[in-house]
Amino acid sequence: MPAYQAPLRDFDFVLNELIKVQDIIPTLPGYEEATQDIFSSYLEAAAQFCQSELAPLNRQGDEEGCQFDPATKSVTTPPGFKEAYQQYCELGFPALDCDPAYGGQGMPKSLAFPIMEMQCSANVAWSMYPGLSHGAYSAIHAHGTEQQKAEYLPKLVDGSWTGTMCLTEPHCGTDLGLLKSKAEPNGDGSYSITGTKIFISAGEHDLAQNIVHLVLARLPDAPRDVKGISLFIVPKFLADGSRNAVSCGSLEHKMGIKANATAVINLDNAKGWLIGEPNKGLSCMFTMMNAARLGCGMQGLGIGEASFQGALAYARERLQMRALTGAKCPDKAADPIIVHPDVRRMLLTQKAYTEAGRALTALLALQLDIEAKHPDAAAREDAADLVALLTPVAKAFMTDNGYTAANMGMQVFGGHGFIREWGMEQLVRDCRISQIYEGTNGIQAIDLLGRKVLLDQGAKLRKFTKLIHTFCKANEGNDKLAEFTGPLARLMKEVGEITMSIGMASLQNKDEAGAAASDYLRLIGHLAYAWLWARMAEVAYARLGNGEDAFYQAKIATARFYYAKLLPEAEALKISIKSGAKPLMSLEDEHFAF
Ligand SMILES: Cc1cc2nc3c(=O)[nH]c(=O)nc-3n(C[C@H](O)[C@H](O)[C@H](O)COP(=O)(O)OP(=O)(O)OC[C@H]3O[C@@H](n4cnc5c(N)ncnc54)[C@H](O)[C@@H]3O)c2cc1C
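Report on the accompanying structure. Not measured: the values here are computed from a predicted model. (Residues numbered from 1 in each chain as written. Predicted model: local features only at pLDDT ≥ 70, side-chain atom pairs only at ≥ 80, totals over all residues. Heavy atoms only, no water.)

Considering the packing of helix α7 (residues 281-317) against helix α8 (residues 341-373)
Logical step 1: The N-to-C vectors of α7 and α8 enclose an angle of 150 degrees; their axes lie 9 Å apart at closest approach. Classified by the angle their axes make, α7 and α8 are roughly antiparallel. For the crossing formed where α7 meets α8, the hand is left-handed. Along the contact surface, α7 presents Leu 294, Met 298, Leu 301, Gly 304, Glu 305, Ser 307, Phe 308, Ala 311, Leu 312 and Ala 315, while α8 presents Val 343, Leu 347, Gln 350, Lys 351, Thr 354, Gly 357, Arg 358, Thr 361, Leu 364 and Leu 368.
Logical step 2: Taken together, the residues of the contact of α7 with α8 break down into eleven nonpolar, six polar and three charged. (Axes fitted to C-alpha atoms, helices over the stretch in contact; angles between N-to-C directions. Helix = DSSP H or I, 4+ residues; strand = E, 2+ residues; numbered from the N terminus. Parallel < 35°, antiparallel > 145°, perpendicular 65-115°, else oblique. Left-handed = near helix turned anticlockwise from the far one by under 90°. Contact = heavy atoms within 4.5 Å. Nonpolar A, V, L, I, M, F, W, Y, C, P; charged D, E, K, R; others polar.)

Structural data, given as structure tokens:
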């Protein structure tokens, strides 16, 4: 596989030509210094770090994984991981979008997101160590007391401590209402926490001086369901330097992200402190999980990009057979496989999903920045609604498409894709978990349709479709865009009708919404990507003739590919949604085996 090259030109296109972050970001209080020059210098520094430090560690990290020593219960990360983490901290990256009051640099998410994408492309397993820390930072920043913030945030911000998110237990992942970990008050403001957490990413390692575990547990006499869960800070080392009773029991042996330590964490009367209000732990944790869900979507995006780069280089070099229309390279023994329509189908699928995913994340990052800083409450609310609606879409659609892209990248390599040394099968394995954790993609679909769309009678959805409607209206007389705006406007209208019919059907039978959810999420994902591809084509047409025609023509051609070859999936999704719950629910449970 070729060395990873950060797609800086495409970041520039998405940020400055499509989403136009510079029209808004420097006008937001606190982001005045986040100018285009600042963006460029950070992106270049991050690209350099990801290309030269992280990417070269990726294969060895996969081969060697993390090592657990049962005697000391310690974990050693693969060679080079610690040094790369140290350098990352010295460069100030953990502080990038953190609050200056705690040592942060106060930069917007619009800058942090592309940097996260680069890390995921270069080395997704490594990227999870700082990723989880940032989640812990966000939860403490949003819900901690002043004392907790003063104690923990500066260390998470400078990277000397890392964080984790401890939700899952052996008997429960999706249904956290079942969790059993207990927290007994000690009478001095602290709690004794006992329980077993499994699958804890970055749960134990040698990168940092301390690990701040954020743990969900139940107070005595708490309600038995999700309303009885509280959130606690449980540091590996206490303030006096002594070891807390929280330890790694073992590491999981897993399909991918082998260089990230997925730990069993045992809490044995570990000392912890409540964050937020008693029994409100799950909503506090959601601060962290929403950001983590977008981060997870970015894993699909980043891996899709890495796989595309590998597949494209290979398709240009690998010589097999002649083009169907006659030899393209008669001086060679055969033509490069990029001449074959089926290989181009795979490359273009990777390219179309990846570039649209990059546009979607830039759009969402800007909404997060507006939500955080805009002086106008209505603008903040609109931004928050768009983020709430599209977070499950970004998580599930981008990881499903990332997995498709990684799988196609491997296919472009033929048999060599299946061989480890090329690195393409690692991308497939590393990507697969992104469809499962942070709430499976099935659960994202239920969240989208149930909570985000039906619960508010489509109010958030209408805000989203209004943006699409405005775009189509503004381009009504634009003949060049008609091939995009026509199908886009039709799809938008059909989504409204389908949403209504699912809502009506689910009033009679709740299974109707459950049965439609996964198809519905993909449908909304396609609506978002179709809108973004139409917008990208609009920008590209406007820029033709400015000296970079090849770049913009590629955008227009990829938009056409998306509409011709990927968007038709929406037709099948609509038919499947309309078939309702019956085809899924009519087979008796005990008849599945026949
Ligand atoms: C490598 C790795 C890293 C992880 N990192 C962390 C971490 O850092 N912290 C942490 O707390 N957890 C972590 N997890 C756990 C992860 O978030 C859970 O595995 C995931 O949320 C699913 O939970 P589960 O495995 O218990 O599956 P289950 O909840 O048992 O689900 C099994 C299947 O049933 C489906 N299902 C369940 N309920 C419903 C429903 N109501 N409707 C429709 N379908 C349903 C699910 O979609 C899934 O397909 C990690 C897991 C792995 C493998």
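Back to the write-up after that little detour.
Here's the deal with helix α14 (residues 511-543)
Logical step 1: In this model, α14 (33 residues) spans 48 Å end to end at C-alpha, consistent with the 48 Å of a helix rising 1.5 Å per residue.
Logical step 2: Of all the bends in α14, the greatest measures close to 50 degrees and is centred on Ala 517.
Logical step 3: The buried fraction of α14 is high, at 27 of 33 residues.
Logical step 4: Downstream of α14 by a residue or two, Gly 545 has a phi angle that is positive, lying close to 95 degrees. (Expected span 1.5 Å × (residues − 1). Bend = angle between axes of the 7 residues up to and from the residue. Buried < 20%, exposed > 50% of the residue type's maximum accessible area, 1.4 Å probe, protein only.)

With respect to helix α4 (residues 81-90)
Along an α-helix, residues three or four apart share an orientation, since each turn contains 3.6 residues.
Logical step 1: When α4 is considered as a whole, its buried residues turn out to be Phe 81, Ala 84, Tyr 85, Tyr 88 and Cys 89. Seen along its axis, α4 keeps its buried residues to an arc of 140 degrees; they face one direction.
Logical step 2: For α4, the secondary structure elements touched by its buried residues are α2 (36-54), α3 (58-64), α5 (109-143), α6 (146-158) and β3 (161-166).
Logical step 3: Of the residues flanking the end of α4, it is Gly 92, one or two places downstream, whose phi is positive at about 85 degrees. (Arc of directions from axis to C-beta.)

Structural notes on the site of the ligand
Logical step 1: In the region of the ligand, 21 residues are neighbours, and Met 165, Thr 168, Thr 174, Phe 199 and Thr 440 sit closest.
Logical step 2: For the ligand, whose accessible area on its own is 990 Å², the fraction buried by protein is 62%.
Logical step 3: If you list the elements that add at least two residues to the shell around the ligand, you get β3, β5 (191-201) and α11 (441-454). (Near = heavy atom within 4 Å. Areas by Shrake-Rupley, 256 points an atom, 1.4 Å probe, with all protein chains shown as cover.)

Section: the nonpolar core
Logical step 1: Counting residues in hydrophobic clusters, the biggest one holds 195 residues, and the most contacted among them are Met 118, Leu 214, Leu 390, Phe 464, Leu 488, Tyr 520 and Tyr 562.
Logical step 2: Looking at this core element by element, the count peaks at 20 residues for α14.
Logical step 3: Not counting the four nearest positions on each side in its chain, Leu 488 is found in contact with Ile 468, Phe 471, Cys 472, Leu 527, Ala 530, Trp 531, Ala 534 and Tyr 563. (Core = buried A, V, L, I, M, F, W, Y, C linked by side-chain atoms within 4.5 Å.)

Description of the packing of aromatic side chains
Pairs of aromatic rings are described using the distance from one ring centre to the other and the angle between the two planes.
Logical step 1: Here the structure, examined in full by the defined rule, presents 22 aromatic pairs.
Logical step 2: Between Phe 397 and Tyr 529, the ring centres sit 4.7 Å apart and the planes meet at 70 degrees, which makes this aromatic pair edge-to-face. With Phe 397 in helix α9 (residues 377-412) and Tyr 529 in helix α14, this residue pair connects regions lying 132 residues apart in the sequence. Taken individually, Phe 397 and Tyr 529 each receive the classification buried, so the pair is uniform in this respect.
Logical step 3: Ring plane angle 55 degrees and centroid distance 6.5 Å describe the contact between Tyr 529 and Tyr 562, whose orientation is recorded as tilted. Taken together, the positions of Tyr 529 in helix α14 and Tyr 562 in helix α15 (residues 549-566) put the pair 33 residues apart, joining distant regions of the chain.
Logical step 4: Relative accessible area serves as the criterion here: at 0%, Tyr 562 is assigned to the buried category.
Logical step 5: By the ring-pair criterion, three or more aromatic residues cluster together here, those being Tyr 353, Phe 397, Phe 484, Tyr 529, Tyr 562 and Tyr 563.
Logical step 6: Note that Arg 9 overlies the ring of Phe 551, its terminal NZ or CZ placed 4.2 Å from the centroid.
Logical step 7: Positioned over the ring face of Tyr 31 is Lys 373, at 5.2 Å from the centre of the ring. (Phe/Tyr/Trp six-rings, centres within 6.5 Å; stacked < 30°, edge-to-face > 60°. Lys NZ or Arg CZ within 6 Å of the ring centre and 35° of its normal.)

What is shown is where atoms sit, not what they do.
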